[in-house]
Amino acid sequence: MLFAGVAAAAALVGVSAGPSAQAQAESRHHPAHLTSNAPVTVVASGLNSPRSLVWGPRGHLYASEVGGAPDFCVGTGFPTKCFGFTGSVADVSSGAPVRVVTGLASNFNQEEVVGANGLTYANGHLYVLETGSAQQIVPEVPADLRSALTKQYGGLLKVTGNSVKSVANVGYVDYEWTKVHKDLNPEDFPESNPYAVTPKPGGGFYTVNAASNTLDSVDVWGNVHVLKYIPDTSTGPDAVPSCVAVGKDGSVYVGEITGKPSSSTEAKIFKYAPRTGKLTVWQSGFSAISGCGFGANGDFYVTEFDTTGFLPTGDPIGDVVQINHQDNSRTVLASGKLFAPTGFLAGPDGSIYVANKTMLWPACDDAPACTTSGTVTAHDGEIVKIG
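This one's a predicted model, so the numbers in the text were calculated from it and none came from an experiment. (Residues numbered from 1 in each chain as written. Predicted model: local features only at pLDDT ≥ 70, side-chain atom pairs only at ≥ 80, totals over all residues. Heavy atoms only, no water.)

Peer 1: Got a sec to walk through the state of the cysteines? Specific residues and values, please.
Peer 2: For the structure on display, the rule yields two disulfides. Residue pairing for Cys73: its cysteine sulfur links by disulfide to Cys82, the two sulfurs lying 2.0 Å apart. The sign of the 105° torsion about the S-S bond sets the Cys73-Cys82 disulfide as right-handed. With relative accessibility at 0%, the residue Cys82 sits in the buried group. Two residues, Cys243 and Cys292, share a disulfide whose sulfurs are 2.2 Å apart. The chirality of the disulfide connecting Cys243 with Cys292 is right-handed, given an S-S dihedral of about 110°. (Disulfide = S-S within 2.5 Å. Buried < 20%, exposed > 50% of the residue type's maximum accessible area, 1.4 Å probe, protein only.)

Peer 1: Just give me the short version of the pattern of salt bridges, but keep the residues and values in it.
Peer 2: Should the charged atoms of two oppositely charged side chains come close, the side chains can pair. The full count for this structure, using the stated rule, is six salt bridges. Arg99 is the partner of Glu65 in a salt bridge, and the nearest nitrogen-oxygen pair spans 2.8 Å. Of this pair, Glu65 sits in strand S4 (residues 61-65) while Arg99 sits in strand S7 (residues 98-109), and the two are 34 residues apart along the sequence. Classification of Arg99 as partly exposed rests on a relative accessible area of 34%. Lys357 is paired through a salt bridge with Glu382; the nearest N and O atoms lie 3.5 Å apart. Of this pair, Lys357 sits in the loop between strand S26 (352-356) and strand S27 (381-386) while Glu382 sits in strand S27, and the two are 25 residues apart along the sequence. (Salt bridge = Lys/Arg side-chain N within 4 Å of Asp/Glu carboxyl O. Helix = DSSP H or I, 4+ residues; strand = E, 2+ residues; numbered from the N terminus.)

Okay, here's the thing in structure tokens:
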């Protein structure tokens, strides 16, 4: 688990957003692979701990933000937990965040803020996947705040205008599933932290939960079904699935950030076959995967939160690994130029995008001071274009 534990491994994972239909269509004219010296450009800044990226209405670029430390806190020091509504969704097409939705549920949990992590676009709407679950709200939270949080925590939220409505309670279902399957992870279950979401061919969505370690399916009526449990790593820590993407053949790809301690080669990409229900390891040898997905020409990309294992002994310096779809050869992109990157988005011109400076650093254990403390604050987030 992340840092010292309590489901915090889920706190820093990013979410994969696959290429939009527009991006796929335009990318046919730009089939080249990216090279190791591909330029790295900051295209937006001033974000509040960004996590996920997606092409939205009119081809605009959107990012989810988990926000700063919430106001209502329980405990002091490392065990502190805070609850509130500091999350948002921002249109970053202009280079500066224009927040189209605010007041999304957030949670400060063991040194890091989490909340509006998953983001995707389907059927003419933005959808936000909220972390957590109603069952994990501590008893000290006042009834009115608890009621408001319950409407969002763990929910797949449909954005209409500047309001949101839960269309599926992924967090609740996964939490209940871990109660029944406590034998899979006796030390940590029950717990739930939905994190990544992507549209499902034919309707609905796939999600992954970084605490229950599951791949889920959400149907068009909002029913949630657990498809697969992602097994522990070879050395023991949790898988902590952090991204999900769908290939042209309908196969589902899941990346893992892994729990602590993990080496720089422990993380894997799993491949799930919907027709057979079989889960296999597709690629291995990665470090702390925090985003993944397919690029313009079919290459697969893996965002590494850091390159020395999760978490690093030093600063979380990450990169992106490009897997050539023709021969599976790998090219490291933006080496030494990314700080705690998460997520992935395919650009329409063959470039790729990731969120950068996505967490407070050094990690903060004093919630009231977390927004402005450290080398990287809650407002230093960036969107970076590679290529």
